[in-house]
Amino acid sequence: MSELSYESTKREVATDIGVLRYHEAGDGPPLLLLHGSGPGVTGWRNYRGVLGDFAEHFRCLVLEFPGFGVSDPGDGHPMVMAGASVGKFLDAVGISEPVHMIGNSMGGIVATNVAINAPERVNKLVTIGGIGRNVFAPGPGEGIKLLMEFTDNPTREGLIRWLHSMVYDPAVVTEQLIEERWALATEPLTLEIAARMYSSKAFAANTAAAKASGATPYWAQLHKVQAPTMLTWGRDDRVSPVDMAMLPMRDIPNAELHVFPNCGHWTMIEAKEAWTSAVLAFLTRKD
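Fair warning: this is a prediction, and the values are worked out from it, not measured in the lab.

The rules behind the values
- Residues numbered from 1 in each chain as written.
- Predicted model: local features only at pLDDT ≥ 70, side-chain atom pairs only at ≥ 80, totals over all residues.
- Heavy atoms only, no water.
- Helix = DSSP H or I, 4+ residues; strand = E, 2+ residues; numbered from the N terminus.
- Buried < 20%, exposed > 50% of the residue type's maximum accessible area, 1.4 Å probe, protein only.
- Polar contact = N/O pair within 3.5 Å; in protein donor to acceptor, adjacent residues only side chain to side chain.
- Contact = heavy atoms within 4.5 Å.
- Patch = residues over 30% accessible without salt bridge, like charges linked within 9 Å, V, L, I, M, F, W, Y side chains within 5 Å.
- Areas by Shrake-Rupley, 256 points an atom, 1.4 Å probe, with all protein chains shown as cover.
- Salt bridge = Lys/Arg side-chain N within 4 Å of Asp/Glu carboxyl O.
- Pairing = 2+ DSSP bridges.
- Axes fitted to C-alpha atoms, helices over the stretch in contact; angles between N-to-C directions.

### Focus: the side chain of His100
- Note on placement: His100 falls in strand S5 (residues 99-104).
- Using a relative accessible area of 6% as the deciding quantity, one classes His100 as buried.
- Polar side-chain contacts of His100 include one of 3.3 Å to the backbone nitrogen of Lys124.
- Setting aside residues no more than four positions away along its own chain, His100 makes contact with Pro30, Leu31, Leu32, Phe58, Asn123, Lys124 and Leu283.

Here you go:
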């Protein structure tokens, strides 16, 4: 399939949490692609390079989470709004059957939570870094610290430092990437919503609340994931170090782990061909 354009694939749907915007391409079983967090992120930017490959096999739906500058903003914590949006989105577009889900970083956590709490929604699950918790590496990781620094003091230089922490190969951080990320990341409302999650003050408050909470964290419920799961990781991830994969690899009953060398946090970008091939093999395989 030829490369798909932003304009030809963009869609929107009204829900009771506002208008959710998304990109759609292809026919076949539904595949929901969920983006990560960070300055200037969108679902389109996460997955535009692989959308055509997946659209040859699936009806691909790239959801834009509330609060990241594309869908209606919402007034909650970005992670909470993202989690709430998945079921509402699928209902709004008329999908009641289980769907394959691919989630990058935060999107992987969202998809995993859906697999835990609404297993009837998930057919197969693919995550790109992010899920689990640090076993050996210190936390938060370098990339998260740089993200907090940028959120507290949003400078172009801070954005570039954060972008470089996301990748193994510095050449991935092009001027085009910097400019498009900078434009959205510094939009006032998007920046304000990001501060709810990644300012140093918010991060400290969220950490303290988690320590005081009696609720079971999602990473302690990974044994509840019923869907066949493929964990994908960049060996050189400086945002969610690869040792985080040990917990989900062990606890998810039907999980397999694929680690890609010379690759940072954006596995679907830096290891595009190898990652796409492995994920397509997993999703199309008859288990």
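### Some remarks on the environment of Ala55
- Position of Ala55 relative to the elements: it lies in helix H3 (residues 51-55).
- The buried category is assigned to Ala55, whose relative accessible area is 3%.

### Regarding a nonpolar patch on the surface
- Judged by side-chain polarity, Val135, Phe136, Met246 and Met249 come together as a nonpolar surface patch covering roughly 400 Å² of accessible area.
- Among the structural elements, Phe136 can be located in the loop between strand S6 (122-128) and helix H6 (142-152).

### A closer look at the sheet that holds strand S4 (residues 59-63)
- With mixed pairing, the eight strands of this open sheet are ordered in space as S1-S2-S4-S3-S5-S6-S7-S8. A single partner strand is all that each edge strand has here, and the edge strands are strand S1 (10-15) and strand S8 (255-260). Strand-to-strand twist of the sheet, defined as the mean angle between neighbouring strand axes without regard to direction, takes the value 20°.
- Bridge count for S1 against strand S2 (residues 18-25) is six bridges, and the pairing is antiparallel. Directly across from Thr15, in S2, lies its bridge partner Gly18.

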